[in-house]
Amino acid sequence: MRIDVKQCADILSKQDNILILTHAHPDGDTLGSGFALCRALMKIGKICAVINADEIPKKYSYLYDDIAPIKFKQDYVVAVDVATPNLLGDLDGQYHIDMCIDHHSTNTEYADNLLLKDVPAACQLMLEVIKELGAEIDEKIAGCLYTGLTTDTGCFRYASTTADTYRAAAELIDLGADNGKINRIMFETKTKTYARLERLALDSMRFYENERVAVITITQEMYRLTGSNEQETEAIAPLTRQIEGVEIGITIREKPDGTSKASIRTFESVNAAELAKSFGGGGHAQAAACRFDCSVKEARERLVEKCGEFLNDRNNLC
């Protein structure tokens, strides 16, 4: 069932023992919206917690470092920034999800759904929910929400960024979000292990379809050689679309079991969500992802073939 912001806040205000689910391989938007909601609910007297199937990267520790872990039996479950349950990773199937707060056009509407497809970040929507809840937005909540805004818009560089997004960011800065510090952590600070991984990732880049498609492959061997891990790959995906002439950038990560996951980045000429949907995935028009039950090499071959179809179909329409 579709719900609006007021209905969402009314439902949450009547619930307690609320468990908040965030998607696997977490980013700033799912974590920012999750911990912002958790903090807001605690302010109005609710018992709640945020969980993730994967280990949360250390750079996000400021979102939750003052929240004491508690154990309780959940009575209500909310998924945030999760378009479809399979994005929950190992948490998929473990919980009955009562509500979903999301902004993806590929959302499968698997729960009571607060869904706005025209906002670039779940945190922009979460700001309205928290205001409707009547919870005070302190510096910590503002910082959580700003994190989601800046990461899901590429520090406000992506075409999905709207005037309302800038207004929301300004409001959060007024409320105490340390935009300079957050942007520095998210976009300018690299670990030594990540720097080594990035070098190998760039060395792996290959071009297809008259150099309109760029593909990076990241293997388990690369993690071993660099001391890095999958948590540090978030910043690699955008590198593919920084190359002049590239319309589709793909980063394929090998999973420990030999399967793979692809992150797709495009410009307005190609819909990344539709491309990912061809393989059971989804996301946004310019940023999406999908999984493959096959090797990195086979996943690359299948993706490149589909990219050719997308580019050729578009050319035939011109």
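Cut-offs and rules
Residues numbered from 1 in each chain as written. Predicted model: local features only at pLDDT ≥ 70, side-chain atom pairs only at ≥ 80, totals over all residues. Heavy atoms only, no water. Phe/Tyr/Trp six-rings, centres within 6.5 Å; stacked < 30°, edge-to-face > 60°. Helix = DSSP H or I, 4+ residues; strand = E, 2+ residues; numbered from the N terminus. Buried < 20%, exposed > 50% of the residue type's maximum accessible area, 1.4 Å probe, protein only. Polar contact = N/O pair within 3.5 Å; in protein donor to acceptor, adjacent residues only side chain to side chain. Contact = heavy atoms within 4.5 Å. Core = buried A, V, L, I, M, F, W, Y, C linked by side-chain atoms within 4.5 Å. Pairing = 2+ DSSP bridges. Axes fitted to C-alpha atoms, helices over the stretch in contact; angles between N-to-C directions.

Some words on the packing of aromatic side chains
A complete count under the given rule lists 4 aromatic pairs for this structure. Taken together, a centroid distance of 5.9 Å and an interplanar angle of 55° make the contact between Tyr146 and Phe156 tilted. Of this pair, Tyr146 sits in helix H4 (residues 139–152) while Phe156 sits in the loop between H4 and helix H5 (163–174), and the two are 10 residues apart along the sequence. The two residues Tyr146 and Phe156 agree in class, both being buried. Here the aromatic rings of Phe279 and Phe292 are separated by 4.9 Å at their centres, their planes lie at 50°, and the arrangement is tilted. Here Phe292 lies in strand E11 (residues 287–292) and Phe279 lies in the loop between helix H9 (272–277) and strand E10 (282–283), a separation of 13 residues in the sequence. Through a chain of ring-to-ring contacts, three or more aromatic side chains come together here, namely Tyr146, Phe156 and Tyr166.

A short note on the side chain of Thr233
Structurally, Thr233 can be placed in the loop between helix H8 (220–226) and strand E8 (248–254). You can call Thr233 buried: its relative accessible area is 2%. A polar atom in the side chain of Thr233 sits 3.4 Å from the side chain of His25. Setting aside its immediate chain neighbours within four residues, Thr233 contacts His25, Leu197, Ile218, Tyr223 and Arg253.

Some thoughts on the environment of Leu303
With respect to the helices, strands and loops of the structure, Leu303 is situated in helix H10 (residues 296–317). A sequence separation of 28 residues divides Leu303 from Leu275, and the C-alpha atoms of the two residues are 8.6 Å apart. Excluding its chain neighbours within four sequence positions, the residues that come into contact with Leu303 are Ile250, Ile252, Ala262, Ile264, Phe279, Cys290 and Phe292.

Structural notes on the nonpolar core
Within the largest apolar cluster, 50 residues are counted, with the highest numbers of intra-cluster contacts made by Leu12, Leu37, Val78, Ile101, Ile130 and Leu145. Those residues in contact with Leu12, other than ones at most four positions away along the chain, are Ile18, Leu37, Leu41, Lys46, Tyr76, Val78, Met99, Val129 and Leu133. Grouped together as the second largest cluster of nonpolar side chains are 22 residues, Ile248, Ile252, Val304 and Leu311 included.

Considering the sheet that holds strand E3 (residues 76–80)
Spatially, the 5 strands line up as an open sheet ordered E2-E1-E3-E4-E5, and their pairing is parallel. The open sheet has two free edges, formed respectively by strand E2 (48–51) and strand E5 (112–115), since each of these has just one partner strand. Going across the sheet, the axis of each strand differs from the next one's by a mean of 20°, ignoring polarity. Across 3 bridges, the pairing between E3 and strand E4 (residues 99–102) is parallel. Bridge pairing links Val80 to Ile101 in E4. Across the sheet, helix H1 (residues 5–13) lies against strand E1 (18–22), E3, E4 and E5, angled at about 135° from E4, the strand it touches most.

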